[in-house]
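Coordinate inspection notes
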Amino acid sequence: MGLHGVKAVFFDLDNTLIDTAAAGRCAIEEPPRPLQVISALQSKHHYGEGEARAVCDKVQAKLLKECHDPAKMCITDLRISHWEEAIQETIGGEANRDLAAECYYLWKTTRLQHLTLAEDTRAMLTELRKGLRLLLLTNGDRQTQREKIEACACQPYFDAIVVGGEQKEEKPAPSIFHYCCDLLGVQPAECVMVGDSLDTDIQGGLNAGLKATVWLNKAMTAPVDTSPVPHYIISSVLDLPAVLQKMEHNINAKLETDHTASSDE
């Protein structure tokens, strides 16, 4: 990137660089692996297939609605509680904390095994880093996110890694974006945010006054409403270099136009 263009790119982690949603599904059922939760509930604990699936569906729903306050409860206890509640809601009877913990650790271990940074994504990051500073910016519980980062071995591709759960505020608060800028020694107007969430990644980048926001919309579906509006939309993170080249071209073209106009005056 040129002197007048982008100097840094911030990347979201979950469902942007790694497919966390797919890894979570694999953790629940991926035949023929014996470690899947549904198989364990059926073979070891004699649940019917429908009961086992119902438990897992309830947990998935709880994860989507999860609100975690680390000051009140650690993430491990919270997620074991998800499984405990799901089992009780499905089967009835007394709460079974031991079985809930077994399911949680099985799910967590298998999910981490499936979190990978694809080879073509690694190659893209390596190439981008030759001319840009790269930073990983992820919301979430400190322990959970650090485990994912280690599992997918993405540390070598970034100049800095910032986890929302370790900061005073998370995305979309401007403060965490400005903290990232300070870490890299760049200005907000020199940075681009790339992520799959309109609410946190795109809105956050806009709140912080970044040069551009790039929304990863894999399904290329229209957003429910028109706010916030990203500067660019891509269907694959691998499309990012082309967007950055387009931005650089537009910046250089504007500079040439401005120079010509000033010369004519």
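What you see is a predicted model; the values in this text were computed from it and never measured.

How each quantity is defined
Residues numbered from 1 in each chain as written. Predicted model: local features only at pLDDT ≥ 70, side-chain atom pairs only at ≥ 80, totals over all residues. Heavy atoms only, no water. Phe/Tyr/Trp six-rings, centres within 6.5 Å; stacked < 30°, edge-to-face > 60°. Helix = DSSP H or I, 4+ residues; strand = E, 2+ residues; numbered from the N terminus. Buried < 20%, exposed > 50% of the residue type's maximum accessible area, 1.4 Å probe, protein only. Expected span 1.5 Å × (residues − 1). Arc of directions from axis to C-beta. Contact = heavy atoms within 4.5 Å. Domains from an automatic or database assignment. Buried area = accessible area lost by both parts, 1.4 Å probe. Salt bridge = Lys/Arg side-chain N within 4 Å of Asp/Glu carboxyl O. Nonpolar A, V, L, I, M, F, W, Y, C, P; charged D, E, K, R; others polar. Pairing = 2+ DSSP bridges. Axes fitted to C-alpha atoms, helices over the stretch in contact; angles between N-to-C directions.

**Digging into the packing of aromatic side chains**
- Under the criterion given, the structure shown has three aromatic pairs.
- With centroids separated by 6.1 Å and ring planes inclined at 70°, the aromatic side chains of Phe 11 and Phe 158 adopt a geometry described as edge-to-face. Of this pair, Phe 11 sits in strand β1 (residues 8-11) while Phe 158 sits in the loop between α7 (142-152) and β3 (160-163), and the two are 147 residues apart along the sequence. Like Phe 11, the residue Phe 158 is buried in the burial classification.
- Here a set of aromatic residues connected by ring pairs shows up, and it is made of Tyr 104, Tyr 105 and Trp 107.

**Description of helix α3 (residues 49-64)**
- Taking 1.5 Å per residue as the helical rise, α3 with its 16 residues ought to reach 22 Å, and the 23 Å between its terminal C-alpha atoms agrees with that figure.
- What α3 keeps buried is the set Ala 52, Val 55, Cys 56, Val 59 and Lys 62. Buried residues of α3, viewed axially, fall in a sector of 120°; they line one side. Of the exposed residues in α3, the ones pointing more than 90 degrees away from its buried face are Gly 50, Asp 57 and Leu 64.
- Against the buried residues of α3 lie α1 (20-28), α2 (37-43) and α4 (75-91).

**Quick notes on the domain arrangement of the chain**
- Here the domain parsing of the chain yields domain 1 (8-19 + 116-263) and domain 2 (20-114).
- Of note, the centres of domain 1 and domain 2, computed from C-alpha atoms alone, are 32 Å apart.
- Together, the buried faces of domain 1 and domain 2 total about 930 Å²; carbon and sulfur atoms form 45% of this surface.
- The shortest N-O distance in the salt bridge between Glu 147 and Lys 108 comes to 3.0 Å.
- Split into classes, the residues belonging to the side of domain 1 that touches domain 2 amount to two nonpolar, four polar and five charged.

**Quick look at the environment of Ala 40**
- Of note, Ala 40 is situated in helix α2.
- Sequence-wise, Ala 40 and Cys 103 are 63 residues apart; in three dimensions their C-alpha atoms are separated by 8.2 Å.
- In contact with Ala 40, other than residues within four places in its own chain, are His 45 and Leu 106.

**Details of the sheet that holds strand β5 (residues 212-216)**
- Spatial strand order, β3-β2-β1-β4-β5-β6: six strands in an open sheet with parallel pairing. Two strands in the sheet have a free side with no partner beyond their single neighbour: β3 and β6 (232-234). On average, adjacent strands in this sheet sit at an angle of 20° to one another, irrespective of strand direction.
- The pairing of strand β2 (residues 133-138) with β3 spans four bridges and is parallel. Of the residues in β3, the one forming a bridge with Leu 137 is Val 162.

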